[in-house]
Amino acid sequence: MTANTVGRLCFRNVNALAPMVRVGTLPTRLLSLDYGADIVYSEELIDIKMAQCQRVVNEVLETVDFVAPDERVMFRTCEKEKDRVVFQMGGMGAALLSDPDKIEAILRTLVKGVSKPVTCKIRILPTLEDTLSLVKRIENTGVAAIAVHGRLKDERPRHPVHCDFIQAIAEAVSIPVIANGGSLDRVKAHADIEEFRKATGASSVMVARAAMWNPSVFRSQGLLSVEEVMEEYLKYAIRYDNHAFNTKYCLCQMLRDKVESPLGKQLKSAQTNKEICEGYGLQEYYTKTQAELQARREAIQTNHNHPNQPVLDGDVTTMHVKFERREYPGEFSPKMFLLEWSRKENLEQPRYETVQRSQDRAFQSMVTMTGKKYRSTLWEKSKKYAEQASAIVCLRVLGLPEGRAGEEYSGLVGKRKREEKSNETPDKEDTTTYFGARKRHLKTSENPEDLFGVGLQKTCSAWDY
């Protein structure tokens, strides 16, 4: 790992799409990557709102969505931008510049608490001395790079960018500096990006408004017409089911002074992506894409009706499994079956990690077995049920019995009981199975760990495990 890379993301000698509210959604990010951007930042999202979101794998769109309690998709990403997208998390914005202690504390917490590279974006302070003091403190937090918008907090795009400040910052720190703020008067085409880099002495350049108006600014072969770019943008918006109002907003930014043209007026009056497509002559593309998505939706639903079809979500194997207690009438739970199998095969015991969703306090668990992870995509009402569901996923993928009603007897969990019966006296109370330790026996046992081989925090029955 070199000094200017963290993980797979490199922030030196790159052209990046800047974080822009309402603009930096998935269609714009993907289009920018198509045209040559190296890294794309999402729109700025409030950390408090994101903390309330549920992570959802959208199998139809082939995306990962972060969905708010009111069902709004706050952030959507896909495989195409993996390792090139930066999630922009916002707090108090430029107002935070007046509290460098808080800036430092936030960044140190993030750098220490997450495994991904952390970057920071600031505006300059009124004096160069104060600006350099701040960026050195930021560098010492361990961030991977710092982006600098070369304007004061109160300055607007019509004010000239302070290239001299950015240059001084680039000379003062060892981490990559990403120059930002040149769209209006300096960056109008791809060649201008390199000129802005040279003028600031920065490692990289972050482009905002110029990319908002025409994402092909990243294209080394030159700008494409806005009409062609808008059509390509709209195709991504349809493919990834972008919200119609966000689609309208981004297209209006590309139209700029043509927003009152016949096309602009038709765009503003449109209420759905379908109506927007009509204005651009993309009805056939819309119809075809919707048909493809519907076919995929029906195929997925068919797979859901056959729960033995696992889906890989990153490095986790998932299935749509809900634990129904009545379907497991025996005294042995799926977790028990999995534990007994691991012991029988002399493997490390299954390890469970459970999270709770804040909005409805539901639980979801992931089990790790022989280095592989398994999880149900469904949320359960209790931690115990969530763990049982993850165990079921693992057992089904491995082709092992799970104790479900009507399942053919495997003898897996009864083996120890049979061995004990053959080696011990036929005293009923002394022939407790390894898995079948009943609650009454545990209550009288002096050391439950002797029965289960694990540290127990409370007396429990086989089903409590």
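Our subject in this report is the structure included herewith. (Residues numbered from 1 in each chain as written. Predicted model: local features only at pLDDT ≥ 70, side-chain atom pairs only at ≥ 80, totals over all residues. Heavy atoms only, no water.)

Considerations on the sheet that holds strand 17 (residues 351–356)
Across the sheet, 5 strands lie side by side as 15-16-19-18-17; this open sheet has mixed pairing. At either end of the open sheet lies a strand with only one pairing partner, and these are strand 15 (311–313) and strand 17. Here the average twist between neighbouring strands, direction ignored, is 30°. Looking at chain direction, strand 16 (residues 316–319) and strand 19 (residues 372–376) are connected through 4 bridges and run parallel. Bridge pairing links T318 to R375 in strand 19. Packed onto the sheet, helix 13 (residues 334–344) meets strand 17 and strand 18 (363–369) and runs at close to 15° relative to strand 18. Relative to the sheet, helix 14 (residues 383–398) contacts strand 16, strand 17, strand 18 and strand 19, its axis offset from that of strand 18 by approximately 40°. (Pairing = 2+ DSSP bridges. Helix = DSSP H or I, 4+ residues; strand = E, 2+ residues; numbered from the N terminus. Axes fitted to C-alpha atoms, helices over the stretch in contact; angles between N-to-C directions. Contact = heavy atoms within 4.5 Å.)

Overview of the environment of L312
Looking at the secondary structure, you find L312 in strand 15. With a relative accessible area of 61%, L312 lands in the exposed category. In this structure the C-alpha to C-alpha distance between L312 and R375, which are 63 residues apart in sequence, comes to 10.0 Å. (Buried < 20%, exposed > 50% of the residue type's maximum accessible area, 1.4 Å probe, protein only.)

Points about the sheet that holds strand 7 (residues 63–67)
Ordered in space as 6-7-8, the 3 strands form an open sheet in which the pairing is antiparallel. Of all strands in the sheet, those with a lone pairing partner are strand 6 (54–58) and strand 8 (73–78), marking the two edges. Averaged over all pairs of adjacent strands, the angle between strand axes in this sheet comes to 20°, irrespective of strand direction. In this structure, strand 7 lies alongside strand 8, joined through 5 bridges in antiparallel fashion. Note on strand 8: the bridge partner recorded for V67 is V73. Sitting on the sheet, helix 1 (residues 26–35) is in contact with strand 7 and strand 8, with an inclination near 25° to strand 8.

A word on the packing of aromatic side chains
Inspection of every chain in the model, using the stated rule, returns 6 aromatic pairs. Relative to F337, the ring of F332 has its centre 6.5 Å away and its plane inclined at 85°; by these criteria the two rings are edge-to-face. F337 gets classed as buried once you look at its relative accessible area, which sits at 7%. One residue, K235, lies across the ring of Y285, its end atom 5.8 Å from the ring centre. (Phe/Tyr/Trp six-rings, centres within 6.5 Å; stacked < 30°, edge-to-face > 60°. Lys NZ or Arg CZ within 6 Å of the ring centre and 35° of its normal.)

Some words on the packing of helix 4 (residues 128–139) against helix 5 (residues 163–172)
Interhelical geometry of helix 4 versus helix 5 gives an angle of 40° and a closest axis separation of 10 Å. Here helix 4 lies oblique to helix 5, going by the angle between them. Helix-helix and strand crossings are classified by hand; for helix 4 and helix 5 the assignment is right-handed. Contacts from L128, T131, L132, V135, K136 and E139 of helix 4 reach helix 5 at F165, A168, I169 and A172. Split into classes, the residues belonging to the contact of helix 4 with helix 5 amount to 7 nonpolar, 1 polar and 2 charged. (Parallel < 35°, antiparallel > 145°, perpendicular 65-115°, else oblique. Left-handed = near helix turned anticlockwise from the far one by under 90°. Nonpolar A, V, L, I, M, F, W, Y, C, P; charged D, E, K, R; others polar.)

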